[in-house]
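The chain contents come next:
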Amino acid sequence: MMRKNRVMTAKALSTATSHADHPYRGPSRALWVACGAHALHDGLTDTLYLLLPILQTEFALTYAAIGVLRALYAGAMAGLQVPAAKLAQRIGGPSMLAAGTAVAGAGYLALGASSTFAILVFALILGGVGSSTQHPIASSLVAAAYQGPRSRGALGTYNFAGDLGKMALPAITAGLIAVMSWRLAAGAVGIAALLGAGAILLAPWRVPAAGDKRTDAQPSKGKTDERIYLSRSGFALLLAIGVIDSATRMGFLTFLPFLLRAKGAGLPEIGVALTLVFAGGAAGKLVCGFVGARLGVLKTVLITEGATAAGILALLPVPIGVALALLPIIGVALNGTSSVLYGTVPELVSAERRESAFGVFYTATIGAGALSPALYGLIGDAISLRMAMQLVAAVVLLTLPLAWRLRRALEAQK
């Protein structure tokens, strides 16, 4: 009898602990881990921009080859977003996120040890495979922990954390390269990622269960079919805007270091330039998330994408000093759109399909960002880097009519 009472007491304590640790009662823990993972992974991804001019010199590469290298990393990251999300449902989000972070760190270790072009290709693909885990898993956990109107603000914070990593890690790496070889610096970045993987795995947080109660409003039965149609239509428009926005951002950032080098900038100046553009991007994501909630998707996209095109064109003829002053402003516009787009995803899909929707969204947008550097690299080799940048500025304006149609779809859904 005593044993039975002890067993019952243990079960009661276990249940109480489980409820106390429930993610919806302590959502900040999930948000902190997701933000840390986002900062680390985005820092790993964007430190590659700093290393591309070094790799070009080290391996005697053309602009097209540089674009292909960037495409290999981003392509592996994009292509495995949905499989990573599905695998996480089996083995658990924290385990999958930690494993991906460790693999990304191993990619940087291999990059630092690369002695041939083949090893370089392997290292970048490995890094992309590891980074594929972060976006769909972390963003869906944040969306699940903060439901309803709070979701947009939490996702904006999550996105802002990614830009903090973009600012910090490339700047730190540039400082390391000033005192050691780029290979040792890449190895140090890889070791930092491995430590981050351990921190994610050991962090005291819980994953929302698939069957947890949702608080999302359900459509009335009379309008179910219409809502489903509008949601799909709106999501497709949102996805198209995201694809163009991502292609523009990745194309610009890939070849920005080369444009600055043509203006006479050295590696320290390029490191500062990337920090400035990412600092502007961080501010843009944070501010534009609130601007988007106030002005709506259409007006925000008109402002950010129009300013992106104007900023890129203004950057081309000016000297390095003026270029550095322009970069934070360009960064605000360049990254501001994405905060609005990510925050709109939960409004267009049902709660049970949210994780898959984020996986599809990130797959398409990162995939576009993977292909665009290779395409713009070919154009840069064929006509000139300046003309390729002008084309980048022109393509981003295609988002404007799509944003107009998206606003109508969102209004019809209300």
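Refer to the structure presented above.
As a starting point, this report considers the structure included with it. (Residues numbered from 1 in each chain as written. Predicted model: local features only at pLDDT ≥ 70, side-chain atom pairs only at ≥ 80, totals over all residues. Heavy atoms only, no water.)

Brief notes about the overall build of the chain
- Within the chain, the regular secondary structure consists of 16 helices and 0 strands.
- For the chain, with 414 residues in total, the buried portion stands at 54%.
- Total accessible area on the chain is roughly 17400 Å²; 68% of this is exposed by carbon and sulfur atoms. (Helix = DSSP H or I, 4+ residues; strand = E, 2+ residues; numbered from the N terminus. Buried < 20%, exposed > 50% of the residue type's maximum accessible area, 1.4 Å probe, protein only. Areas by Shrake-Rupley, 256 points an atom, 1.4 Å probe, with all protein chains shown as cover.)

Looking at unusual backbone geometry
- Despite not being glycine, Ala60 shows a phi value in the positive range, around 55°.
- Following the sequence through the fold, Ala60 ends up in the loop between helix 2 (27–59) and helix 3 (63–79).
- Using a relative accessible area of 69% as the deciding quantity, one classes Ala60 as exposed.

Regarding a nonpolar patch on the surface
- A cluster of nonpolar side chains, Leu109, Ile191, Leu194 and Leu195, forms an exposed patch at the surface whose accessible area comes to about 360 Å².
- Broken down by element, the residue count for the nonpolar patch peaks at 3 residues, all from helix 9 (residues 182–202). (Patch = residues over 30% accessible without salt bridge, like charges linked within 9 Å, V, L, I, M, F, W, Y side chains within 5 Å. Salt bridge = Lys/Arg side-chain N within 4 Å of Asp/Glu carboxyl O.)

Side note on the pattern of salt bridges
- In this structure the tally under the stated criterion is 4 salt bridges.
- Salt-bridge contacts for Asp46 lead to Lys166; the nearest nitrogen and oxygen are separated by 3.8 Å. With Asp46 in helix 2 and Lys166 in helix 8 (residues 150–179), this residue pair connects regions lying 120 residues apart in the sequence.
- Overlapping salt bridges, with partners in common, bring together Asp46, Asp163 and Lys166 in one network.

Some details on helix 9
- For helix 9, which comprises 21 residues, the first-to-last C-alpha distance of 31 Å matches the rise-based estimate of 30 Å (1.5 Å per residue) to within 8%.
- Listed as buried for helix 9 are Trp182, Ala185, Ala186, Gly187, Val189, Gly190, Ala193, Gly196, Ala197 and Ile200. (Expected span 1.5 Å × (residues − 1).)

Observations concerning the nonpolar core
- Leu44, Leu111, Phe252 and Leu327 are the most contacted members of the largest nonpolar core, which totals 102 residues.
- Excluding residues that lie within four positions of it along the chain, Phe252 makes contacts with Val277, Ile312, Leu315, Leu327, Ile330, Leu334, Met389 and Val392. (Core = buried A, V, L, I, M, F, W, Y, C linked by side-chain atoms within 4.5 Å. Contact = heavy atoms within 4.5 Å.)

Details of helix 5 (residues 93–112)
- Here helix 5 contains 20 residues, and its C-alpha end-to-end distance of 29 Å stays within 8% of the 28 Å for a straight helix at 1.5 Å per residue.
- Within helix 5, 14 of the 20 residues are buried, leaving the element largely enclosed by the surrounding structure.

With respect to the environment of Asp163
- As for its position among the elements, Asp163 is in helix 8.
- If we skip the residues at most four places from it in the chain, Asp163 touches Phe278, Gly281, Ala282, Lys285 and Asn335.
- In this structure the side chain of Asp163 is engaged in a polar contact, spanning 2.9 Å, whose partner is the side chain of Asn335. (Polar contact = N/O pair within 3.5 Å; in protein donor to acceptor, adjacent residues only side chain to side chain.)

So, the environment of Thr363
- Relative to the elements of secondary structure, Thr363 occurs in helix 14 (residues 354–382).
- On the basis of relative accessibility, which here comes to 24%, the residue Thr363 falls in the partly exposed class.
- Beyond its immediate sequence surroundings of up to four residues, Thr363 is in contact with Ala78, Gln81 and Val82.

Some points on the packing of helix 5 against helix 6 (residues 117–131)
- Two numbers describe how helix 5 lies on helix 6: the axes approach to 7 Å, and their chain directions differ by 165°. With respect to their mutual orientation, helix 5 and helix 6 come out roughly antiparallel. Relative to helix 6, the crossing made by helix 5 is left-handed. The residues of helix 6 that touch helix 5, namely those facing Gly100, Thr101, Val103, Ala104, Ala106, Gly107, Ala110 and Leu111, are Ile119, Leu120, Ala123, Leu124, Leu126, Gly127, Val129, Gly130 and Ser131.
- Looking at the contact of helix 5 with helix 6 residue by residue, the class counts come to 11 nonpolar, 6 polar and no charged. (Axes fitted to C-alpha atoms, helices over the stretch in contact; angles between N-to-C directions. Parallel < 35°, antiparallel > 145°, perpendicular 65-115°, else oblique. Left-handed = near helix turned anticlockwise from the far one by under 90°. Nonpolar A, V, L, I, M, F, W, Y, C, P; charged D, E, K, R; others polar.)

Concerning the side chain of Thr45
- Summarising the element assignment, Thr45 is placed in helix 2.
- What makes Thr45 buried here is its relative accessible area of 6%.
- In this view, Thr45 contacts Arg70, Tyr73, Met77 and Ser131; residues no more than four positions away in its chain are not counted.

A look at the packing of aromatic side chains
- One pass over the full model with this rule turns up 3 aromatic pairs.
- Ring geometry for Tyr63 and Phe258: centres 5.5 Å apart, planes at 85°, overall edge-to-face. Within this pair, whereas Tyr63 is found in helix 3, its partner Phe258 is found in helix 10 (residues 224–262), the two being separated by 195 residues in sequence.
- In this structure Phe258 comes out as buried when scored by relative accessible area, which is 2%. (Phe/Tyr/Trp six-rings, centres within 6.5 Å; stacked < 30°, edge-to-face > 60°.)

Regarding the environment of Ser246
- Counting through the fold element by element, Ser246 comes out in helix 10.
- A C-alpha to C-alpha distance of 6.4 Å links Ser246 and Ala368, two positions 122 residues apart in sequence.
- Beyond its immediate chain neighbours, meaning those up to four positions away, Ser246 contacts Thr365, Ile366 and Gly369.

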